[in-house]
Amino acid sequence: MTAFVVMGVSGCGKSEIGRGFARAIGGKFFDGDDLHPAENIARMSRGDPLSDADREPWLDRVGLRLKDVGEPTVVACSALKRAYRERIIDRAGGPVIFLYLEGTRDVLSERMTSREGHFMPPALLDSQLETLEPPEPDELSVKASIDQAPDLVVAELLAGIRGKTQ
């Protein structure tokens with residue numbers, strides 16, 4: 001298995017954990033934020049949540065980034081709904097393991113409020129939490145709590161994928 005998506009709401013640490021996870025497995029990392037159309041970035045920067053239709057081109061780009069990869073590839077992408085994850089898998093053309101970063105609203109809010117230079121304002125956290133559909137047991141996924149040091153989150157994810165990739 002070579003395709004991974006680090007998923008969760010804004011502020012959960014997708015980029016940091018994704019980079020660490022990619023290093024740990026000797027893979028490439030891509031930040032899904034870089035795959036958003038400019039209109040999406042502008043919309044979120046204004047504090048407007050994205051609609052499903054707004055997300056479709058972005059989800060397609062995420063899935064295509066994972067298509068036909070010959071080496072482990074990790075993309076950070078919120079992938080909030082099951083339908084979004086299914087679209088990514090469809091565009092990737094094969095299995096994708098979703099690495100779900102789970103955290104409480106308080107921890108997420110604190111992280112979003114303290115970070116600088118990100119386009120996603122803390123005001124959109126509630127809309128992301130309302131949209132979130134955590135992976136179901138029949139989905140290929142591993143969950144880790146963000147209420148620990150990043151290296152421990154990566155270790156928890158690595159332990160979780162061992163049984164999924166054998």
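Quick caveat: nothing in here was measured; it's all calculated off a predicted structure.

It is worth spelling out the sheet that holds strand E5 (residues 141-145) at this point. Strand pairs in the sheet, formed through backbone hydrogen bonds, run parallel or antiparallel to each other. Taking strand neighbours across the sheet as the criterion, the 5 strands line up as E2-E3-E1-E4-E5 in an open arrangement whose pairing is parallel. Where the open sheet ends on each side, the last strands, each with one partner, are strand E2 (28-31) and E5. Taken over all neighbouring pairs, the strand axes of this sheet differ in orientation by 20° on average, direction set aside. Pairing analysis gives 5 bridges linking strand E4 (residues 97-102) to E5, with the strands arranged parallel. Of the residues in E5, the one forming a bridge with glutamate 102 is serine 145. Along the sheet, helix H7 (residues 150-162) makes contact with strand E1 (3-7), E4 and E5, crossing E5 at roughly 155°.

Right, let's get into the pattern of salt bridges. Note that side chains of opposite charge can pair when their charged atoms are close. Under the defined criterion, the tally for this structure stands at 11 salt bridges. As a salt-bridge pair, arginine 91 and aspartate 60 come within 3.0 Å of each other at their nearest N and O atoms. You can see arginine 91 sitting in helix H4 (residues 82-92) and its partner aspartate 60 sitting in helix H3 (residues 52-65), a full 31 residues away along the chain. For aspartate 60, a relative accessible area of 18% translates into the label buried.

Spanning 14 residues, H3 covers 20 Å between terminal C-alpha atoms, matching the ideal 20 Å at 1.5 Å per step. At tryptophan 58, H3 shows its maximal kink, close to 25°. Taken together, the buried residues of H3 touch E1, helix H2 (38-45), strand E3 (73-76) and H4.

A word on unusual backbone geometry. A positive phi angle, close to 50°, is found at aspartate 68, a residue other than glycine. Within the secondary structure, aspartate 68 is located in the loop between H3 and E3. The residue alanine 79 is not glycine, and still its phi comes out positive at about 45°. Checked against the element boundaries, alanine 79 lands in the loop between E3 and H4.

Between H3 and H4, whose axes approach to 8 Å, the crossing angle comes to 40°. As summarised for this structure, H3 and H4 are arranged oblique, according to the angle between their axes. The chirality of how H3 crosses H4 is right-handed. Where H3 abuts H4, its residues Asp52, Arg55, Glu56, Leu59, Asp60, Val62, Gly63 and Leu64 lie against Tyr84, Arg87, Ile88, Arg91 and Ala92. The residue makeup of the contact of H3 with H4, split by class, is 6 nonpolar, 1 polar and 6 charged.

Considering the arrangement of structural elements, one finds arginine 19 in helix H1 (residues 14-25). Between the C-alpha atom of arginine 19 and that of valine 6, which follows or precedes it by 13 residues, the distance is 9.7 Å. Leave out the neighbours within four places in its chain, and arginine 19 touches Phe29 and Asp31.

What counts and what doesn't
Residues numbered from 1 in each chain as written. Predicted model: local features only at pLDDT ≥ 70, side-chain atom pairs only at ≥ 80, totals over all residues. Heavy atoms only, no water. Pairing = 2+ DSSP bridges. Helix = DSSP H or I, 4+ residues; strand = E, 2+ residues; numbered from the N terminus. Axes fitted to C-alpha atoms, helices over the stretch in contact; angles between N-to-C directions. Contact = heavy atoms within 4.5 Å. Salt bridge = Lys/Arg side-chain N within 4 Å of Asp/Glu carboxyl O. Buried < 20%, exposed > 50% of the residue type's maximum accessible area, 1.4 Å probe, protein only. Expected span 1.5 Å × (residues − 1). Bend = angle between axes of the 7 residues up to and from the residue. Parallel < 35°, antiparallel > 145°, perpendicular 65-115°, else oblique. Left-handed = near helix turned anticlockwise from the far one by under 90°. Nonpolar A, V, L, I, M, F, W, Y, C, P; charged D, E, K, R; others polar.

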